[in-house]
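Okay, here's what each chain looks like letter by letter:
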Amino acid sequence: MLFEVGKLLVTRNESPTPPNGHTQMKAQIAAKYIQFLSNKKANKNSGFTLIELLVVIIIIGILSAIALPSFLNQAAKARASEARTNVGAMNRAQQAYYLENQKFAIDGATTASEVMGIGVKNTVNYEYATASATPTTTVVTRGKSLNKDLKGHIGASFSNLGQTPTILCAAKVPALEATTAMDAPTIVAATGVISCGTNTDPVGQ
């Protein structure tokens, strides 16, 4: 009986309040959690640092320096394709015209392209001209560059034993033809050989 009463007294005297160390630990955890939330909110409203912005600007500058020349080169090639297409078309039209008329079309009161009905006209990039001292045997068509960044083009055709071989050449370097004239293709009628001049390279027929 006395044992049971003593047990009851001990049970009633136990305090539900946790130890002091436990309370301090809870307070520290709460403080750290509040600090974490405040830092998170501050970081959400913060921007880039100056160093981060400088790194991004430097990377963009490097990429631009690499890509821009390539882009400009491709743009020049696209404009140069105009002359290659037009002079090549005039070469093929001269072949057909010669078969019908036994002579080549040249610029006169009307341009050769109008005579042949292919509609090649001068543009802001190129000026076209067709000339020949002997239209019954040879003809030369020039796509003269009007831009120092573009290559001039020149084509030629001649009659040889019923055939009309042609060649299409482009200047080796971009330049205004007024300062760097393109050499006309060399024609050897006896052997039927036609080749580009010294400052041009073959690009087709």
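Since the structure is predicted, the reported quantities are computational estimates derived from the model, not experimental observations.

Draft legend 1. Representation of unusual backbone geometry. Phi is positive for Gln 102, which is not a glycine, with a value near 55°. For Gln 102, the location among the structural elements is in the loop between helix H3 (50-101) and helix H4 (112-116). A relative accessible area of 48% means that Gln 102 is categorised as partly exposed.

Draft legend 2. Just the pairing of strand E1 (residues 126-131), in detail. Going residue by residue along E1, you find Tyr 126, Tyr 128 and Thr 130 tucked away on one face and Glu 127, Ala 129 and Ala 131 left uncovered on the opposite face. As judged from the six bridges shared by E1 and strand E2 (residues 138-145), these two strands associate in the antiparallel manner. Counterpart to Ala 131 in the pairing with E2 is Val 140.

Draft legend 3. Structural view of the pattern of salt bridges. Within this structure, the stated rule accounts for two salt bridges. Taking the shortest distance from any N to any O, the salt bridge between Glu 127 and Lys 144 comes out at 3.4 Å. Taken together, the residues Glu 127 in strand E1 and Lys 144 in strand E2 connect sequence positions 17 residues apart. As a salt-bridge pair, Lys 148 and Asp 149 come within 3.6 Å of each other at their nearest N and O atoms. Overall, Lys 148 belongs to the exposed group, its relative accessible area being 55%. Assessed through its relative accessible area of 41%, Asp 149 is described here as partly exposed.

Thresholds, definitions, all that
Residues numbered from 1 in each chain as written. Predicted model: local features only at pLDDT ≥ 70, side-chain atom pairs only at ≥ 80, totals over all residues. Heavy atoms only, no water. Helix = DSSP H or I, 4+ residues; strand = E, 2+ residues; numbered from the N terminus. Buried < 20%, exposed > 50% of the residue type's maximum accessible area, 1.4 Å probe, protein only. Pairing = 2+ DSSP bridges. Salt bridge = Lys/Arg side-chain N within 4 Å of Asp/Glu carboxyl O.

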